[in-house]
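Chain and residue survey
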Amino acid sequence: QVQLVESGGGLVQPGGSLRLSCAASGIIFSINAMGWYRQAPGKERELVAEITSRGTTNYADSVKGRFTISRDNAKNTVYLQTNSLKPEDTAVYYCNADVVTSNFRTFRYWGQGPQVTVSS
């Protein structure tokens, strides 16, 4: 089985920063894309950023220039550095990982979702 354990959420003032981390553990042959989604109350889950195993990144327009996604393949960990946070960034942030098993099947796993609240 594979588990994704997230950390780094919390309460921050507008303009502040947070760094989210998500570590995958378990029976992992390799990991393809990793990413972050978020879901605000009353809204659908949306993509925030994603990164391939080679480091190619993709961002939602709303976070470009403010958020940076990165990963450490040796640690099976993905990070999201969030800067210049706005109240509209308030949401539960979920990481995901496309894990390749030893029999070369790929499954998408999700983290538990830390809360990020941006408020003064």
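Keep in mind that what you see is a predicted model, and the values were worked out from it rather than measured. For every chain, the first residue of the written sequence is number 1, and numbering continues from 1 onward in sequence order. Local features in a predicted model are, by the rule used here, given only for residues with pLDDT of at least 70; side-chain atom pairs are given and counted only at 80 or more, and totals for whole chains, interfaces and linings are based on all residues. Computation of side-chain values: all heavy atoms of the structure, hydrogens and water removed.

Here we come to the overall build of the protein. What the protein contains, in helices and strands, is zero helices and 11 strands. To qualify as a helix, a DSSP run of H or I must reach at least 4 residues; to qualify as a strand, a run of E must reach at least 2; elements of each kind are numbered from the N terminus. In the protein, the succession of α and β elements from N to C terminus is β-β-β-β-β-β-β-β-β-β-β. In terms of C-alpha radius of gyration, the protein reaches 14 Å, essentially the compact-globule figure of 14 Å for 120 residues. Here the C-alpha coordinates of the protein stretch approximately 50 × 25 × 25 Å along the principal axes. Relative accessibility thresholds used throughout: buried, under 20% of the residue-type maximum; exposed, over 50%; partly exposed, between the two (1.4 Å probe, protein chains only). Relative to its full complement of 120 residues, the protein shows a buried share of 42%. Contact criterion: two residues are considered in contact whenever any of their non-hydrogen atoms come within 4.5 Å of each other. Relative to all contacts within the protein whose residues are 6 or more apart in sequence, the contacts with residues 24 or more apart total 54%. Using C-alpha atoms as the atom set, the radius of gyration is obtained and then compared with a globule rule of 2.2 Å times the number of residues to the power 0.38.

Moving on, we get to the packing of aromatic side chains. How two aromatic rings sit relative to each other is set out by the distance from centre to centre and by the angle between their planes. Each Phe, Tyr or Trp ring (for Trp, its six-membered ring) is paired with any other whose centre lies within 6.5 Å, and the angle between the two planes then decides the class: stacked below 30 degrees, edge-to-face above 60, tilted in between. A full pass over the atoms with the stated rule returns two aromatic pairs. Ring centres of phenylalanine 29 and phenylalanine 104 lie 5.2 Å apart, and the angle between their planes is 80°; on these two criteria the pair is classed as edge-to-face. A residue pair is termed long-range when its members are at least 10 positions apart, and phenylalanine 29 in the loop between strand E3 (18-26) and strand E4 (30-39) and phenylalanine 104 in the loop between strand E9 (91-100) and strand E10 (106-110) qualify at 75 residues. Phenylalanine 104 carries the same exposure label as phenylalanine 29, and that label is exposed. The side chain of arginine 45 reaches across the aromatic face of tyrosine 94, ending 3.8 Å from its centre. When the ring centre of tryptophan 110 is taken as reference, the NZ or CZ atom of arginine 45 above it lies at 4.8 Å. Any Lys NZ or Arg CZ that is within 6 Å of a ring centre and within 35 degrees of that ring's normal is treated as a charge sitting over the ring.

What follows concerns the pairing of strand E5 (residues 46-51). A pair of strands is labelled paired if DSSP reports no fewer than 2 bridges between them. Examined bridge by bridge, E4 and E5 share five bridges and lie antiparallel to one another. Along E5, the bridge assignment pairs tyrosine 37 with leucine 47. The pairing of E5 with strand E6 (residues 57-59) spans three bridges and is antiparallel. For isoleucine 51, the partnering residue across the bridge sits in E6 and is threonine 57. Hairpin remark: E5 followed by E6, antiparallel, with five residues in the connecting loop; positive phi at glycine 55, about 100°.

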